[in-house]
Amino acid sequence: MSDGVVLRVKGRVLAGPEDVHDELWVIGGRISYDRPAGARDVRTVEGWALPGLVDAHCHVGLDAHGPVDAETAEKQARTDRDAGTLLIRDAGSPSDTRWIDDRDDLPRIIRAGRHIARTRRYIRNYAWEIEPEDLVAYVAREARRGDGWVKLVGDWIDRGLGDLDACWPRAAAEAAIAEAHRLGARVTAHCFAESSLRDLVEAGIDCVEHATGLTEDLIPLFAERGVAIVPTLVNTATFPDLARGGERKFPRWAAHMRRLYERRHDTVRAAYDAGIPVYVGTDAGGSLAHGLVAAEVAELVTAGIPPLAALSATSWGARTWLGRPGLAEGAPADLVVYEADPRADVRVLAAPRRVVLNGHVVE
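What comes next is a walk through the structure. Given the structure is predicted, the values throughout are model-derived calculations rather than measurements.

1. A word on the nonpolar core
Of all hydrophobic cores here, the largest spans 77 residues; its most connected members are L135, V150, L152, I205, L214, F222 and L300. A per-element tally of this core places helix α3 (residues 170-182) first, with 5 residues. In this view, V150 contacts A112, I116, V139, E142, A143, A180, A185, R186, V187 and T188; residues no more than four positions away in its chain are not counted. By size, the runner-up hydrophobic cluster in this structure holds 16 residues, among which are V26, L327, A333 and V356.

2. Overview of the pairing of strand β8 (residues 85-90)
The buried fraction of β8 amounts to 6 of the 6 residues, a majority that puts the element mostly inside the structure. When strand β5 (residues 53-55) meets β8, the two strands line up parallel, connected through 3 bridges. Note on β8: the bridge partner recorded for L53 is T85. Summarising the sheet, β8 and strand β9 (residues 108-111) pair through 4 bridges and their orientation is parallel. Directly across from L87, in β9, lies its bridge partner R108.

3. A closer look at the sheet that holds β9
Strand order in the open sheet formed by 3 strands is β5-β8-β9, and the pairing between neighbours is parallel. If you trace the sheet from one side to the other, it starts and ends with β5 and β9, each paired once. Ignoring strand direction, the axes of neighbouring strands in this sheet form an average angle of 20°.

4. Some words on the sheet that holds strand β4 (residues 42-51)
Judged by pairing direction, the sheet is mixed, and its 7 strands sit side by side in the order β3-β2-β1-β4-β18-β19-β20 without closing on themselves. Two strands in the sheet have a free side with no partner beyond their single neighbour: β3 (30-32) and β20 (360-361).

5. Details of the state of the cysteines
Taken as a whole and assessed by the stated rule, the structure comprises 0 disulfides. Unpaired in terms of disulfides, C58 finds its nearest cysteine sulfur in C207, a separation of 15 Å. With a relative accessible area of 0%, C58 lands in the buried category. Between C167, a cysteine without a disulfide, and C191, which holds the nearest cysteine sulfur, the sulfur-to-sulfur distance is 8.5 Å.

6. Description of the pattern of salt bridges
Per the counting criterion, the structure on display carries 30 salt bridges. Measuring nitrogen to oxygen at the nearest pair gives 2.8 Å for the salt bridge that ties R98 to D147. Of the two residues, R98 is situated in the loop between β8 and β9 and D147 in the loop between α2 (135-145) and β12 (149-153); the sequence distance between them amounts to 49 residues. Here D147 falls in the partly exposed class, since its relative accessible area comes to 25%. Across the salt bridge formed by E142 and R145, the nearest N and O atoms sit 2.6 Å from each other. Residue E142 and its partner R145 are located together in helix α2, separated by 3 residues, close to a single helical turn. One network of salt bridges, in which partners are shared, links R170, E174, R198, D199, E202 and D217.

7. Considerations on unusual backbone geometry
With the exception of glycine, the majority of residues adopt a negative phi angle, and the majority of peptide bonds are in the trans configuration. Even without being glycine, T232 reaches a positive phi, approximately 45°. Phi angles above zero are rare outside glycine, and N358 is one such case at about 55°. Looking at where N358 falls in the secondary structure, it is placed in the loop between β19 (354-357) and β20.

8. Here's the deal with the packing of α2 against α3
Look at α2 against α3: their axes get within 9 Å of each other, and the N-to-C directions meet at 25°. Our classification of the angle between α2 and α3 gives roughly parallel. Crossing hand, α2 versus α3: right-handed. The residues of α3 that touch α2, namely those facing L135, V136, V139, A140 and R144, are A172, A173, A175, A176, E179, A180 and R182.

What counts, and at which threshold
- Residues numbered from 1 in each chain as written.
- Predicted model: local features only at pLDDT ≥ 70, side-chain atom pairs only at ≥ 80, totals over all residues.
- Heavy atoms only, no water.
- Core = buried A, V, L, I, M, F, W, Y, C linked by side-chain atoms within 4.5 Å.
- Buried < 20%, exposed > 50% of the residue type's maximum accessible area, 1.4 Å probe, protein only.
- Helix = DSSP H or I, 4+ residues; strand = E, 2+ residues; numbered from the N terminus.
- Contact = heavy atoms within 4.5 Å.
- Pairing = 2+ DSSP bridges.
- Axes fitted to C-alpha atoms, helices over the stretch in contact; angles between N-to-C directions.
- Disulfide = S-S within 2.5 Å.
- Salt bridge = Lys/Arg side-chain N within 4 Å of Asp/Glu carboxyl O.
- Parallel < 35°, antiparallel > 145°, perpendicular 65-115°, else oblique.
- Left-handed = near helix turned anticlockwise from the far one by under 90°.

Listed below in structure tokens is the structure:
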């Protein structure tokens, strides 16, 4: 708010699953649960408030062809903001988006640096494409450039095999993940296939994106190691179209993609039931549009995750996982206000009544 103006959020403030308040105040861009003494210029917003939503797999600065210019990146970030996403984990981008950190009107971004992929085993213009002997050095480079995360491409189509296959030998993955951890960074990986998962988890990886290849024998390993997944169900919904497009050249791969698609909801529900941490991510910025966070939460509920857990996966739970505050006393005022209770129907998330970023109401 402008100098001297205090914002009051009145109704229900959902600071956590059992942490509910009747109101909060925004003073100097910070949250307070105490009414400020002598406040005269007060603006009131009524409704159901959540911490600013989290999209834990969102590529600002990237489109289907590679890096984009600053104007396009800004439009992407604004689209996410207007949908209620105020914290983004950028799971790989070749663009330098550090300038966004200087903008109080755009979401906060936690960067994973640029994707690291095997040579000719990923989307053109997206990644550093290297061989295993260089993996440790590139992981160290991106760990220093990012904000505490590094992104690997764990599997992709092997043209000789005609199907998805793991990209990295076990020893190379172990050494690279150990180096990232030494530098204080966590590691995540793009993984569609079954074959890439065991080695990466046993090598110490922290998170897996998509995780469509999770099977009954792998789920206990993920749960035991506490490896999180970001299923990006709005992305895996595109697998049938991808399969149709590549079926003539790679029929084995196309059939595999269809199988992964058909069991996608069962896979996510089985992971959740086993205690694997599940978080919201849309994979926006490649071929998908930005602003899909509400659709992803709805997909998690369709998969069988309880609504309150699905909300946590994009709000207080996701923020704790990423080391960022929610609606705590003294925290930056990043929140979204809705007409109705999102715990009763998560589809409410698709229509924010007000977005408050850095203490300012986004008009």
